[in-house]
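These are the residues of each chain, in order.
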Amino acid sequence: DTVLIQRAGDVIPEVIKPIVESRTGSELSVVFPKECPECNHTLIRPENEAVTRCPNPHCPAQRLKNLIYFAGKDGMDIEGLGKKNMEQLVRERLVRDIPDIFRLTTEQLATLDGWGEKSAVNTIQAIEHVKQTSLAKFIRALGIRYVGEVNASILAANYACLDALISAEIDDLLELEGIGQQAASSLIDYFHDPRVQEMLQELQEVGVVIVQDEKKGQALAGCIFLFTGTLGSMSRNEAKQRVKSLGGQVVSALSKRVTDLVAGDKPGSKLKKAQEMGTRILQEEEFIRLLEEVKVA
């Protein structure tokens, strides 16, 4: 077809309309398949999206892409397990799911086409090296939809371990600044999948360990702040960043988890509700004094 396009967002070509008068009658309508060509699962087209998707998280094609991402530079960054090598390992049925990566042996790899003893040894060493990893890196590497590097860091900053994150309810996740409905729902769906739970158990059995980052200057760790009203000495964003730099968490909604409500000028209804709930209320001067005290300590 011949269409009229314009630049949208400075980069993306947006189709405005077809040029109907340019049609010759030989054009054919694009007919999308109704079933996934890999797993035969019924395809869906989410409302307000242009993309037709296979919703089956265990689709072989999706699993391959997931394995490539897990081992790749944006995931665990395992040297020697790039896209082509991972495709080969899946083709040879040496790797079917993430835990299989950690079951590979030097002998298995050395006999494959294009490999040798040295490259096999180096790859196995690289796999061993990533068995101990941080929570943020591990979450990112899983390739959970809507959970990239930024969201993975937010989650790791607010949950001490993977088990705590898995046990989180959707309301808990939505209280985290930066975590939206799509990401929260995706996380709940992912961690409640029995196959995912089995996969995570297998990873533990093959020796994958999530190591907690050393907390330096985390004097406000465990404290959850909520702001209401206008601050006079600093912007709301600056106040949030100072709390986060000291290991504290900032949320946008009041709940029983909130430990401190910082009340600036002209506070909203959150103040009255916090008083009723017995939440500690800090005036701006008290908040600044707290920041200085914990910084010195």
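Residues numbered from 1 in each chain as written. Predicted model: local features only at pLDDT ≥ 70, side-chain atom pairs only at ≥ 80, totals over all residues. Heavy atoms only, no water.

**Student:** Would you mind going over the environment of G148 with me for this structure?
**Tutor:** Checked against the element boundaries, G148 lands in the loop between α6 (135-141) and α7 (149-158). Its relative accessible area of 31% is what places G148 among the partly exposed residues. Separated by 49 residues in the primary sequence, G148 and Q197 have C-alpha atoms spaced 20 Å apart. (Helix = DSSP H or I, 4+ residues; strand = E, 2+ residues; numbered from the N terminus. Buried < 20%, exposed > 50% of the residue type's maximum accessible area, 1.4 Å probe, protein only.)

**Student:** Help me understand the confidence of the model for the protein, please; the structure alone is not making it clear to me.
**Tutor:** Keep in mind that low pLDDT regions are not for reading the predicted coordinates in detail. With 98% of its residues at a pLDDT of 70 or more, the protein has an overall mean of 90. At the low end of the mean pLDDT range in the protein sits strand β6 (residues 249-250), at 82; at the high end sits helix α3 (residues 98-101), at 97. (pLDDT = per-residue confidence, 0-100.)

**Student:** What exactly am I supposed to notice about the pattern of salt bridges here?
**Tutor:** Note that side chains of opposite charge can pair when their charged atoms are close. One pass over the full model with this rule turns up 12 salt bridges. Among the ionic pairs, D260 bridges to R280, the shortest N-O distance being 2.5 Å. Here the residue D260 occupies a position in strand β7 (residues 260-263), and R280 occupies one in strand β8 (residues 280-283), the gap between them amounting to 20 residues. Because the salt bridges share partners, they merge into one network encompassing E49, R53 and R145. (Salt bridge = Lys/Arg side-chain N within 4 Å of Asp/Glu carboxyl O.)

**Student:** Please clarify how the sheet that holds β6 should be interpreted in this entry.
**Tutor:** Strand pairing in a sheet is mediated by backbone hydrogen bonds. Such pairs are either parallel or antiparallel. The four strands lie next to each other as β6-β5-β7-β8, forming an open sheet whose pairing is parallel. Among the strands making up the open sheet, the edge pair consists of β6 and β8. Here helix α12 (residues 236-245) sits on the sheet and contacts β5 (224-228) and β6; the angle it forms with β5, its principal contact strand, is near 170 degrees. The sheet contacts of helix α13 (residues 269-277) involve β5, β7 and β8, and relative to β7 the element is tilted by about 145 degrees. (Pairing = 2+ DSSP bridges. Contact = heavy atoms within 4.5 Å. Axes fitted to C-alpha atoms, helices over the stretch in contact; angles between N-to-C directions.)

**Student:** Help me out: how do you make sense of the packing of aromatic side chains in this one?
**Tutor:** Here the distance between the centres and the angle between the planes together describe a pair of aromatic rings. Within the structure shown, the criterion is met by four aromatic pairs. Taking the centre distance of 6.1 Å and the plane angle of 65 degrees together, the rings of F225 and F287 count as edge-to-face. Placement of F225 in strand β5 and of F287 in helix α14 (residues 284-296) is noted, with a sequence separation of 62 residues between them. For the pair shown, F225 and F287 are each scored as buried. Judged by centre distance (5.4 Å) and plane angle (85 degrees), the rings of F227 and F287 are edge-to-face. Here F287 lies in helix α14 and F227 lies in strand β5, a separation of 60 residues in the sequence. By the burial criterion, F227 is buried, and F287 matches it. Three or more aromatic residues link up through ring pairs in this structure, and these residues are F225, F227 and F287. (Phe/Tyr/Trp six-rings, centres within 6.5 Å; stacked < 30°, edge-to-face > 60°.)

**Student:** Quick question: what am I supposed to make of the environment of G264 here?
**Tutor:** Structurally, G264 is set in the loop between β7 and α13. Under the relative-accessibility criterion, G264 is labelled buried at 11%. Residues in contact with G264, not counting those within four places in the same chain, are T228, G229, T230 and L231.

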